[in-house]
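A look at the structure
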Amino acid sequence: DSGVTQTPKHLITATGQRVTLRCSPRSGDLSVYWYQQSLDQGLQFLIQYYNGEERAKGNILERFSAQQFPDLHSELNLSSLELGDSALYFCASSVGRGTGVGEQYFGPGTRLTVT
Amino acid sequence: AQSVAQPEDQVNVAEGNPLTVKCTYSVSGNPYLFWYVQYPNRGLQFLLKYITGDNLVKGSYGFEAEFNKSQTSFHLKKPSALVSDSALYFCAVRDLNSGNTPLVFGKGTRLSVIA
C-alpha cells in the first residue's frame, strides 16, 4: 500500500458527460501528479500540483482540469467525455516539488469507461 | 528534451534464469533514472533509482540496475527470476538540468516468467 488513495475505483459513464476523480496524497507529500494510462499511449503525464499551485503541465486536454485543495487532496475533472477518454487514471504524490531526486508514489488508479 | 526508450514490448524468461529489461535514455544534462513495476490492476510501485555514485543500484525484491553513461542505458536485472516477477516494468528519467520538467516514462516492458 503506497499511502495514496484514489476514488472511485471504477467509473462508467456516457459520452458527453462530466466526471470528477479524487486523490489523497501520502501524509506529508505536497506534490500531486495525474497520469493517464491507455493501451495505445502508455503512461502519459497530465498535470502536477505542488502545495495548491499548478507546477507542471503535460499532455492534458482543454476538456480536462485539476486542482489541489488546502488539505492537499486533488481532483481531476474530465468533461465532454469521448470514447477515447476511456483509460486508467493514476494519481501519484511526492514530498518535494518534483524537480529533485524523490520518487513518486502511485495510487491504485481509477478505471474510467466511457460508453 | 528528455526521453526514454524501452526497446522490448515483451520479455519472456524461464523461472530461475537471469532476467534483463532494457532501457535507454536521452537527456541534455545529468539523468535521474527510475524503475517502477506495475502488477495487474495495481498502481506503479517504485523499485529503484539512480542519482549519482555507484553505477550498480540495488532495489526492492532482489532487482538491480546498471547505469552506463557511455551507452546511455539503465537496464534492470535480476539474477534469478520468479514467476511472481511477471508484471509490467517502466523505466523513467528526469533531466537534472531541465528545471521543472517532470518524470518521463517509457512505454513499459511486459515481463513474463514461465515456470
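Note that this is a predicted model, so its numbers are computed, not measured.

Let's talk about the overall build of chain B
The secondary structure content of chain B amounts to zero helices and 12 strands. When the helices and strands of chain B are placed in sequence order, the string is β-β-β-β-β-β-β-β-β-β-β-β. In summary, chain B has a C-alpha radius of gyration of 14 Å against a globular reference of 13 Å for 115 residues, a match within 12%. Taken along the three principal axes of its C-alpha coordinates, chain B extends 45 × 30 × 20 Å. Counting the 115 residues in chain B, one finds 46% classified as buried.

As for the sheet that holds strand β8 (residues 74-78) of chain A
What holds strands together in a sheet is hydrogen bonding between their backbones, with the strands either parallel or antiparallel. Residue and element names in this part refer to chain A. Overall, antiparallel pairing links the four strands, which are arranged β1-β3-β8-β7 in an open sheet. The sheet terminates laterally at β1 (5-7) and β7 (64-68), the two strands that pair on one side only. If you compare each strand with its neighbour and ignore which way they point, the axes differ by 15° on average. In this sheet, strand β3 (residues 19-24) lies alongside β1 in antiparallel orientation, the contact comprising three bridges. Within β3, the position partnered with Thr 7 by the bridge is Arg 22.

Topic: unusual backbone geometry
Cis rather than trans, the peptide bond between Thr 7 of chain A and Pro 8 of chain A has omega equal to -10°. With respect to the helices and strands, Pro 8 of chain A occurs in the loop between β1 and β2 (10-13).

A short note on the nonpolar core
Ranked by internal contacts, the top residues of the largest apolar core, which has 28 residues, are Trp 35, Leu 47, Leu 48, Phe 74, Leu 76 and Tyr 89 of chain B. Elements that contribute at least two residues to this core include exactly β2 (10-14), β3 (19-21), β5 (31-38), β6 (44-50), β8 (64-68), β9 (73-78), β10 (87-95) and β12 (109-114) of chain B. Ranked by residue count, the leading element in this core is β10 of chain B, at four residues. Membership of the second largest hydrophobic core comes to 21 residues, among which are Leu 11, Ile 47, Ala 87 and Tyr 89 of chain A.

Overview of the interface of chain B and chain A
Contacts between the two partners involve 21 residues from chain B, matched on the other side by 22 residues from chain A. Counting across the interface, chain B meets chain A through one salt bridge. Close ionic contact of Glu 103 of chain A with Lys 49 of chain B constitutes a salt bridge, the shortest N to O distance being 2.8 Å. Where chain B meets chain A, there are three residue pairs in polar contact (both at pLDDT 80 or more). Secondary-structure elements contributing two or more residues to the side of chain B that touches chain A are β5, β6 and β10 of chain B. In terms of residues, the side of chain B that touches chain A owes the most to one element, β5 of chain B, which gives four residues. Considered class by class, the residues forming the side of chain B that touches chain A number 11 nonpolar, six polar and four charged.

Quick notes on the environment of Asn 51 of chain A
Secondary-structure assignment places Asn 51 of chain A in the loop between β5 (42-50) and β6 (53-57). In sequence terms Asn 51 of chain A and Ser 2 of chain A are 49 residues apart; their C-alpha atoms lie 20 Å from each other.

Description of the environment of Lys 9 of chain A
Residue and element names in this part refer to chain A. Inspection of the secondary structure puts Lys 9 in the loop between β1 and β2. Looking at Lys 9, the relative accessible area reads 58%, which means it is exposed. Taking the C-alpha atoms as reference, Lys 9 lies 6.3 Å from Arg 111; in sequence the two are 102 residues apart.

Rules of the game
Residues numbered from 1 in each chain as written. Chains lettered and ligands numbered in written order. Predicted model: local features only at pLDDT ≥ 70, side-chain atom pairs only at ≥ 80, totals over all residues. Heavy atoms only, no water. Helix = DSSP H or I, 4+ residues; strand = E, 2+ residues; numbered from the N terminus. Rg over C-alpha atoms; globule rule 2.2 N^0.38 Å. Buried < 20%, exposed > 50% of the residue type's maximum accessible area, 1.4 Å probe, protein only. Pairing = 2+ DSSP bridges. Axes fitted to C-alpha atoms, helices over the stretch in contact; angles between N-to-C directions. Core = buried A, V, L, I, M, F, W, Y, C linked by side-chain atoms within 4.5 Å. Contact = heavy atoms within 4.5 Å. Salt bridge = Lys/Arg side-chain N within 4 Å of Asp/Glu carboxyl O. Polar contact = N/O pair within 3.5 Å; in protein donor to acceptor, adjacent residues only side chain to side chain. Nonpolar A, V, L, I, M, F, W, Y, C, P; charged D, E, K, R; others polar.

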